[in-house]
Structures are given as C-alpha cells and as structure tokens.
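Architecture at a glance
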Amino acid sequence: AQSVTQLGSHVSVSEGALVLLRCNYSSSVPPYLFWYVQYPNQGLQLLLKYTTGATLVKGINGFEAEFKKSETSFHLTKPSAHMSDAAEYFCAVSDSGNTPLVFGKGTRLSVIA
Amino acid sequence: DTAVSQTPKYLVTQMGNDKSIKCEQNLGHDTMYWYKQDSKKFLKIMFSYNNKELIINETVPNRFSPKSPDKAHLNLHINSLELGDSAVYFCASSLGYTDTQYFGPGTRLTVL
C-alpha cells in the first residue's frame, strides 16, 4: 500500500525567500503524485500533479515540484515566497486507479514579512 | 457555478443526536469522497464511492453512513453523535482515483 511522509509539520520562511516543502512516498508501482493547498477556512485545491512524462511539474502561483524516482520524493518549491502563500500544503499519492489518494499529514507554511 | 457544494456550512448539535450533511457536485464526476479533518489539520478519508462501489475506511465507526441518491450527490449521515466527531468534514469528487479531486468548502461540525 502506498504512503506519504511530509517532513516538517510547520515551515516558516521570510517573504521573498525560497520555499521548500518536502514529500516522500512509498509505492509499489509508478505513482500519481499531487500537491494540494488549503487556505484558511477553505477546502483543498490542486496546486500541481505528476502522472507521467516530464518529471518537473509546474503548478499555479509559481509553484513547481520534481518527481525523483530514485529518491521517492516529490518536493514542492517556489523561488520567492509571498505573504499570500501562507497556507496548509498536502502531498498525496495514488498508485493505481483502484484505490483512493493517500494524503500526507500536511505542512503549514508561514511567511514572515 | 459552485463545482462541489456542501450544506450546511456550520452544524452545532448535542451529543446523541443524528445529523446529515449534504454534498452535491455538478462536474459529472464518477467518484465522490468524504473526508474528516481534525483540529491538527490531519485529513482522513472516510468513504469513497465510485460507480456504486463503496470503499469504507475500516477505522470509521458504523455510526457514519454515506448515502448516494444519484451520481451527483453523496450525503453523510451520522447517528448518535459523540464529542469526538467534532471536526470539519469535506466532500470531494473526481473522475477517477488518479484524477484531480475537487473539494467542497467544508462543514464545521461541533458536538456539545
């Protein structure tokens, strides 16, 4: 069965600094990988996803993530943090069309002015 | 147009009561879900419903039951509410399990 580990329940960065949120997964087959963002008092929305093909995936709001099979990782990055990026971020994995997504425990991103 | 909607947005009730939360999606998706998010933001899948196949998370008490009158709706019924049921409940939908999930705005349930 697949699983997801997000390192760091809380990450704090200065405005304009690099954002790096870590996600490692386990899957017995090529995975489908997702990052979702949850702004305060809202539901989750998709940031980006990897299915097949190019391993560097670009998403909304300047975020991107790279699928590294050898490291079983799918870390999320953004070159320059903005105050509006403050939110909860969830990594998720599915290893087949027969089972639902498995979500990580989430990482809260704080952006300091 | 709202893609995934839930009602009510807030629900405050007493222990022991029975309540329902409604969910509707207008995306034509085949798969719908219910999630529970606790105060630490942990997101736990409770049910997924795909082409009339129900997958239940084995840790969910049988006081919780999903009901799908049609493909666009998946309602959540909760019997004999307990204090520990207080949480935010999210409905979501997708084409299939490997496709993007679209989430509703959530229902904040408070059991007193």
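Residues numbered from 1 in each chain as written. Chains lettered and ligands numbered in written order. Predicted model: local features only at pLDDT ≥ 70, side-chain atom pairs only at ≥ 80, totals over all residues. Heavy atoms only, no water.

1. A look at the overall build of chain B
Looking only at helices and strands, chain B has zero helices and eleven strands in total. Listed N to C, the secondary structure of chain B is β-β-β-β-β-β-β-β-β-β-β in terms of helices and strands. Compactness check: chain B gives a C-alpha radius of gyration of 13 Å against a globular reference of 13 Å for 112 residues, within 12% of the reference. With respect to the principal axes defined by its C-alpha atoms, chain B has extents near 35 × 30 × 30 Å. Just so you have it, chain B exposes about 5,600 Å², and 50% of that area is on carbon and sulfur atoms. (Helix = DSSP H or I, 4+ residues; strand = E, 2+ residues; numbered from the N terminus. Rg over C-alpha atoms; globule rule 2.2 N^0.38 Å. Areas by Shrake-Rupley, 256 points an atom, 1.4 Å probe, with all protein chains shown as cover.)

2. Details of the pattern of salt bridges
Summed over all chains, the structure comprises five salt bridges over all chains. K58(A) is paired through a salt bridge with E64(A); the nearest N and O atoms lie 2.8 Å apart. Relative accessible area serves as the criterion here: at 22%, E64(A) is assigned to the partly exposed category. The salt bridge partner of R63(B) is E82(B), with a shortest N-O separation of 3.5 Å. (Salt bridge = Lys/Arg side-chain N within 4 Å of Asp/Glu carboxyl O. Buried < 20%, exposed > 50% of the residue type's maximum accessible area, 1.4 Å probe, protein only.)

3. Let's talk about the interface of chain A and chain B
In this complex, chain A contributes 21 residues to the contact, which on the side of chain B involves 20 residues. Both faces combined, the contact of chain A with chain B buries some 1,600 Å², and carbon together with sulfur accounts for 60% of it. Among the residues of chain A in contact with chain B, L44(A), P100(A) and F103(A) are the three that bury the most area, contributing 28% of the side total. Seen at the junction of chain A and chain B, the total is zero salt bridges. On inspection of chain A and its partner chain B, the count reaches three residue pairs in polar contact (both at pLDDT 80 or more). For the side of chain A that touches chain B, the leading source of residues is strand β4 (residues 32-38) of chain A, giving four residues. Its residues assigned to classes, the side of chain A that touches chain B comprises nine nonpolar, nine polar and three charged. (Contact = heavy atoms within 4.5 Å. Buried area = accessible area lost by both parts, 1.4 Å probe. Polar contact = N/O pair within 3.5 Å; in protein donor to acceptor, adjacent residues only side chain to side chain. Nonpolar A, V, L, I, M, F, W, Y, C, P; charged D, E, K, R; others polar.)

4. Concerning the sheet that holds strand β8 (residues 73-78) of chain B
All names here are of chain B. Read across the sheet, four strands follow the order β1-β3-β8-β7 without closing on themselves; strand pairing throughout is antiparallel. At either margin of the open sheet sits one strand with a lone partner, and together these are β1 (4-7) and β7 (64-70). In this sheet, neighbouring strand axes are inclined to one another by 20° on average, regardless of whether the strands run parallel or antiparallel. Alignment of strand β3 (residues 19-25) against β8, held across four bridges, turns out to be antiparallel. Pairing of I21 across the sheet is with L76, part of β8. (Pairing = 2+ DSSP bridges. Axes fitted to C-alpha atoms, helices over the stretch in contact; angles between N-to-C directions.)

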